[in-house]
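Fold and contact review
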Amino acid sequence: MDRIRLIGGNELNGDITISGAKNAALPLMIASLLTDEPLVLQNVPRLADVKQLERILENHGVDIAVHGRRRGEDEGVGQRMTFHAADIVDTTAPYELVSKMRASFWVIGPLLARCHEARVSLPGGCAIGTRPVDLFLIGLKELGAEIDIDDGYVVAKAPKGGLVGAHIKFPKVSVGATHTLLMAATLARGTTILENAAQEPEITNVAECLVAMGAKISGIGTRTLTIEGVDRLHGATVDVIPDRIETGTFAMAAAMTGGNVLLKGARPEHLQSALDILGRTGVNLTVEANGLRVQRNGQGITAVDAETDPFPGFPTDLQAQFMALMTMSSGTSHIRETIFENRYMHVAELARFGADISVDGQLATIRGKSQLRGAQVMATDLRASVSLVIAGLAAKGETVVNRIYHLDRGFERLEEKLSACGAEIERLAG
Ligand SMILES: CC(=O)N[C@H]1[C@@H](OP(=O)(O)OP(=O)(O)OC[C@H]2O[C@@H](n3ccc(=O)[nH]c3=O)[C@H](O)[C@@H]2O)O[C@H](CO)[C@@H](O)[C@@H]1O
Ligand SMILES: C=C(OP(=O)(O)O)C(=O)O
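Residues numbered from 1 in each chain as written. Chains lettered and ligands numbered in written order. Predicted model: local features only at pLDDT ≥ 70, side-chain atom pairs only at ≥ 80, totals over all residues.

Quick note on the threshold: UniProt positions are given in the numbering used here, feature names are shortened, and annotations may be inferred rather than shown by experiment.
Per an unreviewed UniProt entry, the chain carries the name UDP-N-acetylglucosamine 1-carboxyvinyltransferase and comes from Devosia psychrophila. What UniProt records for the chain under Function (unreviewed entry) is the sentence "Cell wall formation. Adds enolpyruvyl to UDP-N-acetylglucosamine." Entered under Catalytic activity (unreviewed entry) in the UniProt record, the comment concerning the chain runs "phosphoenolpyruvate + UDP-N-acetyl-alpha-D-glucosamine = UDP-N-acetyl-3-O-(1-carboxyvinyl)-alpha-D-glucosamine + phosphate".

Shown next, in the form of structure tokens:
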């Protein structure tokens, strides 16, 4: 298994181009199942999760093409891809494919809407909690679907004539359930209202894609989405938004190491709550015409508390990276993880760098220190993995991060981007 080796201590200086967002690209790819016309996605990141979802979609009969470079485009630009679901030949998403990735379960919405049936394995994804699918199933039942669980599969059937619009109030905000019900409702008969929906920028990206495909959706970007079902959707060309989690990760990396980094293409409004907190730690953040500049002011890192929340709150996907930063602060800080009940697996690994962290239920207490020491560590899940990389960049001496396949799921050309800014980082194969 590949590992990453780092020698910490170098400042980060230079430009980093932010890639397309994994968590937007995946549901956008899934939206292609809703139409028999081609959906063209631009700025798709080259990630293991994208490849895995390609396999799943191909199994349903989707033709996928990657386009070549365009005039004026540099090599750092994301992929331009066409997804063409002219004929859905199989409405089963098998365990072998779905178990690796949470988002693959979301195909259940479009399959049910367009083919009136779906058989989808219960999902996998990062091991950060129990991650049930009850909200999906409640919502799909409200749209008229009959649902059975059989041999680890969710077997869903739409009523004769297809799904029917309904008023669904989510008891809890769920990104995945919002994506899935939103997609399903576009082809349902009548009006669907999704109340207490997620309003993450990735949901907006998907909703705007669906509108470009002919869907009728109002309330985009708010907690209440209203969808007027239509008979069919058509093709469209849509850009994947820049990855706000990658943006926040590199911002925290620069805060830890010191230096001056321009995060090109970053959309600060997509992670304002995280940037507000980062600013309070003593990092200078400047919005420029082509991105976000991050500079450490050279006065150490102030301890600041954070609590994760659905958007527009502080993202749980930046919690591990922020914890890494706080291990180097000049005081004691607290982080409360409110989204996932088991998202502190990085704590034990950060301790190997000498970090002083204790956890009591949802609450982590971090007693900062000025210097971490390099260590052998084990990547446990996607964002935890990258928190170990950024801790290693700031630590004294050598760090080896083992089991890095998680990183490849969600960070495009990570070593390349960091080494271009002065980091001493390499991948060790095997
Ligand atoms: C591919 C993708 O976009 N993944 C993101 C998505 O995951 P994902 O869509 O899985 O996360 P959700 O927003 O659904 O989960 C939020 C909370 O709701 C719970 N829940 C969810 C569904 C359900 O049926 N029942 C239930 O109880 C979950 O266990 C969790 O405690 O949003 C998370 C929260 O921002 C992010 O950390 C993930 O990176
Ligand atoms: C938790 C994540 O991914 P997934 O939902 O695919 O497990 C993530 O992107 O941080």
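A short note on the overall build of the chain
We count it as follows: Strands here mean DSSP runs of E at least two residues long; helices mean DSSP runs of H or I at least four residues long; both are numbered from the N terminus. Taken over C-alpha atoms, the radius of gyration is set against a globule rule of 2.2 Å times the number of residues to the power 0.38. Contacts here follow a simple rule: the backbone-placed C-beta atoms of the two residues must lie within 7 Å.
Of regular secondary structure, the chain possesses 14 helices and 24 strands. In terms of C-alpha radius of gyration, the chain reaches 22 Å, essentially the compact-globule figure of 22 Å for 430 residues. The principal-axis extents of the C-alpha atoms in the chain amount to approximately 65 × 50 × 40 Å. Contacts in the chain between residues at least 24 apart in sequence constitute 73% of all its contacts with a sequence separation of at least 6.

A short note on the domain arrangement of the chain
As a reminder of what qualifies: Source of the domain bounds: an automatic or database domain assignment. Under this grouping Gly is polar, as are all residues other than the nonpolar Ala, Val, Leu, Ile, Met, Phe, Trp, Tyr, Cys and Pro and the charged Asp, Glu, Lys and Arg.
The domain boundaries assigned to the chain delineate domain 1 (3-19 + 242-428) and domain 2 (22-239). One C-alpha centre belongs to domain 1, the other to domain 2, and the line joining them spans 30 Å. Every contact between the two is made by 17 residues of domain 1 and, on the other side, 17 residues of domain 2. Looking at the side of domain 1 that touches domain 2, the element that brings in the most residues is helix α13 (residues 405-410), giving three residues. The residue makeup of the side of domain 1 that touches domain 2, split by class, is four nonpolar, five polar and eight charged.

Some thoughts on helix α6 (residues 175-186)
Put simply, the rule is: Expected span, for any helix, means 1.5 Å times one less than how many residues it has. Our exposure labels follow a C-beta count within 10 Å of each residue's own C-beta, placed from the backbone: buried means 20 or more other C-beta atoms, exposed means 12 or fewer, and partly exposed covers the counts in between.
If you check α6, its first and last C-alpha atoms are 17 Å apart, about what 12 residues at 1.5 Å a residue would give, namely 16 Å. Among the 12 residues in α6, 12 count as buried, and that is most of the element. By the burial criterion, the buried members of α6 are Val 175, Gly 176, Ala 177, Thr 178, His 179, Thr 180, Leu 181, Leu 182, Met 183, Ala 184, Ala 185 and Thr 186.

Here's the deal with the UniProt feature "binding site: UDP-N-acetyl-alpha-D-glucosamine" (unreviewed entry) in the chain
UniProt's entry tags Arg 102, Arg 131, Pro 132, Val 133, Asp 134, Leu 135, Lys 172, Val 173, Ser 174, Val 175, Asp 317 and Ile 339 with the feature "binding site: UDP-N-acetyl-alpha-D-glucosamine" (unreviewed entry), counted in the numbering of this structure. Locating Pro 132 in the fold gives a position in the loop between β7 (117-121) and α5 (134-142). The exposure class of Pro 132 is exposed, given the 10 C-beta atoms found within 10 Å. Among the structural elements, Leu 135 can be located in helix α5. Contacts of Leu 135, omitting those with residues within four sequence positions, involve Phe 170, Lys 172, Ser 174 and Ala 177.

Here we look at the site of ligand 1
The criterion, for reference: Only the C-beta atom, placed from the backbone, is used; a residue is near a molecule or strand if that atom lies within 6 Å of it.
Lining the immediate surroundings of ligand 1 are 20 residues, of which Asn 23, Leu 135, Ser 174, Val 175 and Gly 176 lie closest. Elements with a minimum of two residues in the shell around ligand 1: α1 (22-31), α5 and α6. Residues belonging to the shell around ligand 1 are distributed by class as follows: 10 nonpolar, five polar and five charged. Two domains each provide a minimum of three residues to the shell around ligand 1, namely domain 1 (3-19 + 242-428) and domain 2 (22-239).

So, the UniProt feature "binding site: phosphoenolpyruvate" (unreviewed entry) in the chain
Residues annotated by UniProt as "binding site: phosphoenolpyruvate" (unreviewed entry) correspond here to Lys 22 and Asn 23. Mapped onto the elements, Lys 22 comes out in helix α1. Judged by the 26 C-beta atoms lying within 10 Å of it, Lys 22 is buried. If sequence neighbours within four positions are ignored, Lys 22 has contacts with Pro 45, Leu 47, Asp 49, Asp 243 and Gly 410. Inspection of the secondary structure assignment puts Asn 23 in helix α1. Classification of Asn 23 as buried rests on a count of 27 C-beta atoms within 10 Å.

A closer look at unusual backbone geometry
Residue Pro 312 is bonded to the preceding Phe 311 through a cis peptide linkage, with omega at 15 degrees. Looking at the element boundaries, Pro 312 is found in the loop between β18 (306-307) and α10 (319-326). Even without a glycine there, the phi angle at Asn 43 is positive, about 70 degrees. Owing to 22 C-beta atoms within 10 Å, Asn 43 belongs among the buried residues under this scheme. Positive phi values are uncommon outside glycine, yet His 116 reaches one of about 70 degrees. Topologically, His 116 is positioned in the loop between α4 (108-115) and β7. Looking at His 116, the number of C-beta atoms within 10 Å reads 18, which means it is partly exposed.

Structural notes on the sheet that holds strand β17 (residues 291-296)
Convention followed: By this definition, two strands are paired if DSSP reports at least two bridges between them. Here, axes are lines fitted to C-alpha atoms. For helices the fit covers the stretch in contact, and angles between N-to-C directions go from 0 to 180 degrees.
If you trace the four strands from one edge of the open sheet to the other, you get β2-β15-β17-β16, paired in mixed fashion. Every other strand in the sheet has two partners, leaving β2 (12-17) and β16 (283-288) as the edge strands with one partner each. The mean inter-strand angle of the sheet, taken between neighbouring strand axes irrespective of direction, is 15 degrees. Examined bridge by bridge, β2 and strand β15 (residues 259-264) share six bridges and lie parallel to one another. By the bridge assignment for β15, Gly 14 is matched with Val 261.

Some thoughts on the sheet that holds strand β14 (residues 236-239)
Spatial ordering of the open sheet is given by β4-β5-β3-β14, a layout of four strands whose pairing is mixed. Of all the strands in the sheet, just β4 (63-66) and β14 have a single pairing partner and so form its edges. Each strand of the sheet is rotated relative to its neighbour by a mean of 20 degrees, with strand direction disregarded. Bridge count for strand β3 (residues 39-44) against strand β5 (residues 79-84) is four bridges, and the pairing is antiparallel. In the sheet register, Val 40 faces β5, and the bridge partner there is Thr 82. Each of β3, β5 and β14 is contacted by α1, which is oriented at about 170 degrees to β3, the strand it contacts most.

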